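# Analysis of the macromolecular model
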Amino acid sequence: LAKTTQPISMDSYEGQEVNITCSHNNIATNDYITWYQQFPSQGPRFIIQGYKTKVTNEVASLFIPADRKSSTLSLPRVSLSDTAVYYCLLNTGTASKLTFGTGTRLQVTL
Amino acid sequence: EPEVTQTPSHQVTQMGQEVILRCVPISNHLYFYWYRQILGQKVEFLVSFYNNEISEKSEIFDDQFSVERPDGSNFTLKIRSTKLEDSAMYFCASSAARQGTYGYTFGSGTRLTVV
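## A short note on the nonpolar core
Core analysis: the largest hydrophobic core is formed by 21 residues, its most contacted members being W34, L46, F61, V67, F75, L77 and Y90 of chain B. Looking at this core, the elements with two or more residues in it are strand 3 (19–24), strand 4 (31–37), strand 5 (43–50), strand 7 (65–68), strand 8 (75–79), strand 9 (88–95) and strand 11 (110–114) of chain B. Once residues lying within four places of it in the same chain are set aside, the contact partners of Y90 of chain B are Q6, L21, W34, Y35, R36, L46, F65, L77, I79, G109, T110 and L112 of chain B. V18, I27, W35 and A84 of chain A belong to the second largest nonpolar core, which has 20 residues in total.

## Topic: the pairing of strand 3 (residues 31–38) of chain A
Residues and elements named next belong to chain A. Burial within strand 3 is extensive, with 7 of its 8 residues counted as buried. The sheet contact formed by strand 3 and strand 4 (residues 45–50) spans 5 bridges and is antiparallel. Bridging across to strand 4, T34 finds its partner in Q49. Taking the residues between adjacent antiparallel strands as the criterion, strand 3 and strand 4 are bridged by 6 residues, where S41 takes a positive phi near 60°.

## Remarks on unusual backbone geometry
In this chain, T7 of chain B is followed by P8 of chain B through a cis amide linkage whose omega measures -10°. For P8 of chain B, the position within the fold is in the loop between strand 1 (5–7) and strand 2 (10–13). Backbone geometry at T53 of chain A places phi at a positive 60°, although glycine is not the residue there. Along the chain, the position of T53 of chain A falls in strand 5 (residues 53–56). Judged by relative accessible area, T53 of chain A falls into the exposed class, the value being 51%. Located in the positive-phi region is R77 of chain A, a residue other than glycine, with phi close to 50°.

## A short note on the environment of C22 of chain A
Following the sequence through the fold, C22 of chain A ends up in strand 2 (residues 18–23). Excluding residues within four positions of it along the chain, C22 of chain A makes contact with T4, T5, Q6, W35, K69, S70, S71 and C88 of chain A.

## Some thoughts on the pairing of strand 3 of chain B
Residue and element names in this part refer to chain B. On strand 3, burial follows the alternation: V19, L21 and C23 on one face are buried, whereas I20, R22 and V24 on the facing-out side are not. In this structure, strand 1 lies alongside strand 3, joined through 3 bridges in antiparallel fashion. Each residue of the ladder has a partner; that of T7, found in strand 3, is R22. As paired strands, strand 3 and strand 8 are joined by 5 bridges and run antiparallel to one another. From the neighbouring strand, L21 faces strand 8, where its bridge partner is L77.

## Examining the layout of surface pockets
Within this model, the largest pocket holds a volume of roughly 900 Å³. Looking at the lining of the largest pocket, the elements with two or more residues in it are strand 3 and strand 4 of chain A together with strand 1 and strand 10 (105–106) of chain B. No other element matches strand 4 of chain A, which puts 5 residues into the lining of the largest pocket. Among the residues forming the lining of the largest pocket, the class breakdown is 14 nonpolar, 18 polar and 4 charged.

Calculation rules
- Residues numbered from 1 in each chain as written.
- Chains lettered and ligands numbered in written order.
- Predicted model: local features only at pLDDT ≥ 70, side-chain atom pairs only at ≥ 80, totals over all residues.
- Heavy atoms only, no water.
- Core = buried A, V, L, I, M, F, W, Y, C linked by side-chain atoms within 4.5 Å.
- Buried < 20%, exposed > 50% of the residue type's maximum accessible area, 1.4 Å probe, protein only.
- Helix = DSSP H or I, 4+ residues; strand = E, 2+ residues; numbered from the N terminus.
- Contact = heavy atoms within 4.5 Å.
- Pairing = 2+ DSSP bridges.
- 1 Å grid on protein atoms, 1.4 Å probe; cavity = no way out; pocket = protein on both sides within 12 Å on 5 of 7 lines; lining within 4 Å.
- Points joined across faces, edges and corners; volume = space filled by probe spheres on them.
- Nonpolar A, V, L, I, M, F, W, Y, C, P; charged D, E, K, R; others polar.

Next up, the structure:
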């Protein structure tokens, strides 16, 4: 049973805001929601992590509703360099590993 | 920004040979990991390491694999007798906390090609 579900791919134009939604219906109490970005032939890069409500950093915002069964990664004003695969993961404090799914392939064009 | 450094960036080896992939984690991190990604597939967890011992490993991490932290800075992954199916990108990662409150930092990877 997949822990997270996210769209396989998304397309956007440069300068637009992109929202990638992730579903995690079976999230556990001690799970944090974490997003990573991966460019081809590079290691994943941590973007943002949250537990509930809203988290914002210099790169993105993460919106988590009260029931925590989904989350939305928001990338403001994307550029061509944001073309990458974005992974939504549940990061539990009781296990030391990250479980990656297939992610969302974001393609940004002019 | 602190980085996880991996060497070599690309290694070609013959089937049956031993390879050692090297990583220098971020200096104040305490948890270390190896992941791999076969071309076109998901990033897969191999092993986690803390306090000089393996804390968790996957089914992939069989007796052909071993990890070591030989000194205070390096973290290595050894594959004793490589197989064709070991060809993949291998990523080292480190974190300050087990839960990775600030995320895990991954290296740029070593592309291992077994011929």
